[in-house]
Amino acid sequence: SAPAASAASQYIYWGNYGSGTIGRANVDGTGANQSFIPGAGQPVAIYVDGSFIYWANYSGHSIGRANIDGTGANPSFIAGISGLPDGVTVNGSHIYWANNNGSVIGRANLDGTGMNESFITGLTNTSGVVKANDNYLYWGDYSNKIGRANLDGTGVDQSFITGTAGEPEGLSLTTNSIYWTNSASGAGASSVGKANLDGTGVNNSFITGT
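As the structure is a prediction and not an experimental result, all values here were calculated from the model.

S.K.: Let's hear about the nonpolar core: which residues, and what values?
M.R.: With 14 residues, the main nonpolar core has Ile63, Ile78, Val88, Ile95 and Trp97 as its most contacted residues. Elements with a minimum of two residues in this core: strand 5 (43-48), strand 6 (52-57), strand 8 (74-78), strand 9 (85-91) and strand 10 (94-99). Filtering out sequence-adjacent residues up to four positions away, Val88 remains in contact with Ala45, Ile46, Tyr47, Tyr54, Trp55, Ala56, Ile63, Ile95, Tyr96, Trp97 and Val130. In this structure, Ala98, Ile120, Ala132 and Trp139 belong to the second largest nonpolar core, which totals 12 residues.

What follows is the structure, given as structure tokens:
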């Protein structure tokens, strides 16, 4: 699993899977600090808000959290996850995560309590990536599709976007669009796809030649 990066305010953050650290740099690329947060376990996904840094600790079966300034790091902020968390996102009053090659999306309160590993069940083959906006959760599926559900776990649509050119391994949301990486080999893969947030206008060749 490739560690993901997240940008917030004047910094960009990334996970160093091998060394177990989270790095940080200025958005212009200067001031890189590979050990901004040491002892993070095996961070494979990062989410940053105005107060905290969250990460999926792959080998630790947990979700980690630290203050935005890097202090107070706790790689087992949400512990005891039975699967291998490979994605994390935060929205409103909850933290959500997806397991690599799993069939569930978990949820907990922002303070780490109330963990529900089976918040959304029956997923076919999630790639472990999950994103949220004000209305929905989105996740990648290795069966060349993207799923969506309401933030309360209802309205699950396993095939919200179908026919992605490869295994969608990363997702990003803007006000009007959803983007994903096509990671598998074969025609149309090694590209970035794009669609409208309502699932229409799918373009698997939005960026090619990657």
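Moving on from the model shown.
S.K.: Tell me about the packing of aromatic side chains, and name the residues and values.
M.R.: Using the criterion set out here, one finds eight aromatic pairs in the structure. Judged by centre distance (6.3 Å) and plane angle (70°), the ring pair of Tyr136 and Tyr138 falls under edge-to-face. You can call Tyr136 partly exposed: its relative accessible area is 25%. In this structure an aromatic cluster arises from ring pairing among Tyr11, Tyr13 and Phe36. One Lys or Arg, Arg65, reaches over the ring of Phe52 and ends 3.8 Å from the middle of that ring.

S.K.: Lay out the sheet that holds strand 16 (residues 157-162) with the relevant residues and their values.
M.R.: As a general point, the strands of a sheet are linked pairwise by backbone hydrogen bonds and lie either parallel or antiparallel. Here four strands make up an open sheet; going across it, the order is 13-14-15-16 and the pairing antiparallel. Every other strand in the sheet has two partners, leaving strand 13 (126-132) and strand 16 as the edge strands with one partner each. On average, adjacent strands in this sheet sit at an angle of 30° to one another, irrespective of strand direction. Relative to strand 14 (residues 136-141), strand 13 runs antiparallel, the two sharing four bridges. Its bridge partner lying in strand 14, Ala132 is registered against Leu137.

S.K.: Account for the pairing of strand 7 (residues 62-67), with residues named and values stated.
M.R.: For a regular strand, side chains alternate in direction, first toward one face of the sheet and then toward the other. Where strand 6 meets strand 7, six bridges bridge the pair, whose relative direction is antiparallel. Paired with Asn57 across the bridge in strand 7 is Ser62. Across two bridges, the pairing between strand 7 and strand 8 is antiparallel. Bridge pairing in strand 8 links Ile63 to Ile78. Connecting strand 7 to the antiparallel partner strand 8 that follows it, the hairpin turn spans six residues, and Gly70 within it adopts a positive phi of roughly 90°.

Definitions and limits used
Along each chain, the written sequence defines residue order, and numbers are assigned to residues from 1. With the structure being a predicted model, the display of local features is reserved for residues of pLDDT at least 70 and the display and counting of side-chain atom pairs for 80 or more, all residues being used for whole-chain, interface and lining totals. Only hydrogens and water are set aside; all other atoms, that is, all heavy atoms of the structure, feed into the side-chain values. Nonpolar core, defined: a set of buried Ala, Val, Leu, Ile, Met, Phe, Trp, Tyr and Cys residues in which side-chain atoms within 4.5 Å join the residues together. Remark: exposure states derive from per-residue accessible area (1.4 Å probe, protein chains only) relative to the maximum for the residue type, with buried under 20%, exposed over 50%, and partly exposed in between. Under the DSSP-based scheme used, a helix requires at least four consecutive residues in state H or I and a strand at least two consecutive residues in state E, with every element numbered from the N terminus. What makes two residues a contact is simply this: any of their non-hydrogen atoms within 4.5 Å. Two rings from Phe, Tyr or Trp (for Trp, the six-membered ring) form a pair when their centres are within 6.5 Å of each other. A pair whose planes differ by under 30 degrees is stacked, one over 60 is edge-to-face, and the rest are tilted. The rule for a charge over a ring is simple: NZ of Lys or CZ of Arg within 6 Å of the ring centre, and within 35 degrees of the ring normal. One bridge is not enough; two strands pair if DSSP finds at least two bridges between them. Axis geometry follows a simple rule: fit a line to the C-alpha atoms, using only the stretch in contact for helices, then measure angles between N-to-C directions, giving values from 0 to 180 degrees.

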